[in-house]
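Descriptive structure summary
Take a look at the letters that make up each chain.
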Amino acid sequence: MKRILITGGAGFLGSHLCDRLLASGNEILCVDNYFTGARANIEHLIGHKRFEMMRHDVTFPLYVEVDQIYNLACPASPVHYQFDPVQTTKTSVIGAINMLGLAKRVKARILQASTSEVYGDPEVHPQPEEYWGRVNPIGIRSCYDEGKRCAETLFFDYKRQHGLDIKVMRIFNTYGPRMNPNDGRVVSNFIVQALKGEDITIYGDGSQTRSFCYYDDLLDGMERLMNSREGFTGPVNIGNPGEFTMLELAEKVLKQVGGASKIVYMPLPQDDPKQRKPDISLANSELDWRPKVLLDDGLKETVQYFRHVLNA
Ligand code: NAD
Ligand code: UDP
Ligand code: UDP
């Protein structure tokens, strides 16, 4: 049994991670300020004797005793991370400093939930970990992209300067049950719109691509990385290499949900990456990891979840 701190533990990925690590016998300390997370995601765990929830903002110091830290605190959807961009950068940067300071004091292994956004609008396709990326430092996505890039820098400097045991994971678009219906990311938007019979909003002409990973595959990769051999730091891409245009995604959702929704086209947001697909050879060789769930199957589960939540 390990004592494990999960920051952002009341969010979409964090709450599933709480479930997973509790089920394997660990003691979980879940820290979240509920900015985009929800009590409902972890309500079923309240009262469990190995689970503790702490309302706390990671931009403030935190003194606890743990063996491992999964640092997931940060809004992930453009709508939410652009709502208070200064707080977004603070969460990534000051949050990383505090969690690294904590890891240093208690000698805990620490994993950072980084992102494919560190590659920006990439001109290398698919993206291998060696690619340094193409990020606009002053655009509307920069608070997230540069915050996450700086957090990676801090992780590697704490390793070089203080010998910390770090793991850096670059997460590509991930979806599944427990995404907030108002999350604003594309999978939840399309499914919620289709279930409500509203127009499906495609930004731009719908030819931009993304690669969608089901949460369960993603968390399997995250756990493998955390428990990987000493000295293996990453960064390592975890994502599903299946690549789809947003138009293809809309059509898949419409086919599964049925109903009368029409596709409408809206302006493409500034700096929206045109393509994204992970090169996962490193995850393959180092972690023996590959995703198993096909987009159609993952969408089916996710549609079922939203049907239940929306009572649709
Ligand atoms: P989410 O928004 O559901 O979860 C983020 C959680 O962090 C929320 O519960 C939120 O309340 C909490 N949080 C935000 N700021 C905080 C602060 N200052 N202090 C404490 N808690 C704070 O998003 P998610 O999809 O579960 O993402 C989890 C992590 O994975 C994030 O770090 C995100 O950047 C990263 N990530 C996710 C994806 C994806 O597609 N889901 C892709 C790349 C990276
Ligand atoms: N910190 C924390 N919890 C701890 C230890 C440190 O939140 O258990 C914070 C501390 O407030 C500091 C940051 O982590 O701001 C970085 O800590 P470090 O020891 O690296 O730096 P220093 O305290 O020397 O600035
Ligand atoms: N998108 C869309 N309609 C929506 C929400 C998003 O067409 O209702 C597009 C968005 O412009 C982007 C892609 O879908 O090209 C993925 O967006 P998301 O916000 O999910 O993730 P990210 O851009 O961070 O990969």
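Residues numbered from 1 in each chain as written. Chains lettered and ligands numbered in written order. Predicted model: local features only at pLDDT ≥ 70, side-chain atom pairs only at ≥ 80, totals over all residues.

**Here we look at the overall build of the protein chain**
Within the protein chain one finds ten helices and 13 strands. Relative to the globule expectation of 20 Å for 312 residues, the C-alpha radius of gyration of the protein chain, 19 Å, shows essentially globular dimensions. Along the three orthogonal principal directions, the C-alpha set of the protein chain runs to about 55 × 45 × 40 Å. Going through the 312 residues of the protein chain one by one, you find that 47% of them count as buried. (Helix = DSSP H or I, 4+ residues; strand = E, 2+ residues; numbered from the N terminus. Rg over C-alpha atoms; globule rule 2.2 N^0.38 Å. Buried ≥ 20, exposed ≤ 12 C-beta atoms within 10 Å, placed from the backbone.)

**Observations regarding the site of ligand 3**
The environment of ligand 3 is formed by 14 residues, the closest being Arg185, Val186, Asn189, Thr201 and Tyr203. Ranked by the residues each element gives to the shell around ligand 3, the list is headed by strand 8 (residues 200-203), at three residues. For the shell around ligand 3, the per-class residue count stands at six nonpolar, five polar and three charged. (Near = placed C-beta within 6 Å. Nonpolar A, V, L, I, M, F, W, Y, C, P; charged D, E, K, R; others polar.)

**A look at the nonpolar core**
Counting residues in each nonpolar core, the largest one holds 78 residues, and the members touching the most others are Ile69 and Ile191. The dominant element in this core, judged by the number of residues it contributes, is helix 6 (residues 186-196), at seven residues. If sequence neighbours within four positions are ignored, Ile69 has contacts with Leu5, Met99, Leu102, Ala103, Ala108, Ile110 and Leu111. (Core = buried A, V, L, I, M, F, W, Y, C linked by C-beta atoms within 7 Å. Contact = placed C-beta atoms within 7 Å.)

**Observations concerning the sheet that holds strand 2 (residues 27-32)**
Judged by pairing direction, the sheet is parallel, and its seven strands sit side by side in the order 3-2-1-4-5-6-11 without closing on themselves. Sheet topology places strand 3 (51-55) and strand 11 (236-238) at the edges, where each strand pairs with a single neighbour. Neighbour-to-neighbour, the strand axes of the sheet open up by a mean angle of 20°, direction not taken into account. Strand direction decides the pairing type here: strand 1 (residues 3-7) and strand 2, joined by five bridges, are parallel. Counterpart to Ile4 in the pairing with strand 2 is Ile28. Its contacts with the sheet place helix 5 (residues 142-162) against strand 5 (109-115) and strand 6 (166-171), and it is angled at close to 155° to strand 5. (Pairing = 2+ DSSP bridges. Axes fitted to C-alpha atoms, helices over the stretch in contact; angles between N-to-C directions.)

**With respect to the site of ligand 1**
The full set close to ligand 1 counts 28 residues, and Gly8, Gly11, Leu13, Thr36 and Gly37 are the nearest of them. Counting residues per element, the ones that place at least two in the shell around ligand 1 are helix 1 (12-23), helix 4 (85-106) and strand 5. No other element matches helix 1, which puts three residues into the shell around ligand 1. Partitioned by chemical class, the residues of the shell around ligand 1 number 13 nonpolar, 13 polar and two charged.

**Notes on the pairing of strand 6**
Within strand 6, six of the six residues are buried, which leaves it mostly tucked inside the rest of the structure. Across the two faces of strand 6 the burial is the same, with Ile166, Val168 and Arg170 and Lys167, Met169 and Ile171 all buried. Of the crossover connections in this fold, the one passing from strand 5 over helix 5 to the parallel strand 6 is right-handed. Relative to strand 11, strand 6 runs parallel, the two being bridged by three bridges. Across the sheet, Met169 pairs through a bridge with Val236, a residue of strand 11. (Right-handed = clockwise from strand over helix to strand, strands pointing away.)

**Concerning unusual backbone geometry**
Across the junction of His125 and Pro126, the peptide omega takes the value -10°, indicating a cis bond. Of note, Pro126 is situated in the loop between strand 5 and helix 5. In this structure, the amide linkage connecting Gly234 to the following residue, Pro235, adopts the cis form with an omega of 5°. Notably, Lys107 is not glycine yet its phi reads approximately 60°, a positive angle. If you trace the backbone, Lys107 turns up in the loop between helix 4 and strand 5.

**A few points about the confidence of the model for the protein chain**
Residue-level pLDDT values for the protein chain average 97, and 100% of them are 70 or greater. Across the predicted assembly, pTM comes out at 0.98 and ipTM at 0.98. (pLDDT = per-residue confidence, 0-100.)

**Thoughts on helix 1**
Here helix 1 is twelve residues long and its end C-alpha atoms lie 17 Å apart, about the 16 Å a rise of 1.5 Å per residue gives. When we look at burial in helix 1, the residues that qualify are Phe12, Leu13, Gly14, Ser15, His16, Leu17, Cys18 and Leu21. Of the residues one or two after helix 1, Gly25 is the one with positive phi, at around 95°. (Expected span 1.5 Å × (residues − 1).)

**A closer look at the packing of helix 1 against helix 7 (residues 215-226)**
Packing of helix 1 against helix 7 brings their axes to within 10 Å, and their N-to-C directions diverge by 65°. Handedness of the helix 1/helix 7 crossing: right-handed. Between helix 1 and helix 7, the contacting residues are Leu13, His16, Leu17 and Arg20 on the first element and Tyr215, Leu219, Met222 and Glu223 on the second. Classifying every residue of the contact of helix 1 with helix 7 gives five nonpolar, one polar and two charged. (Left-handed = near helix turned anticlockwise from the far one by under 90°.)

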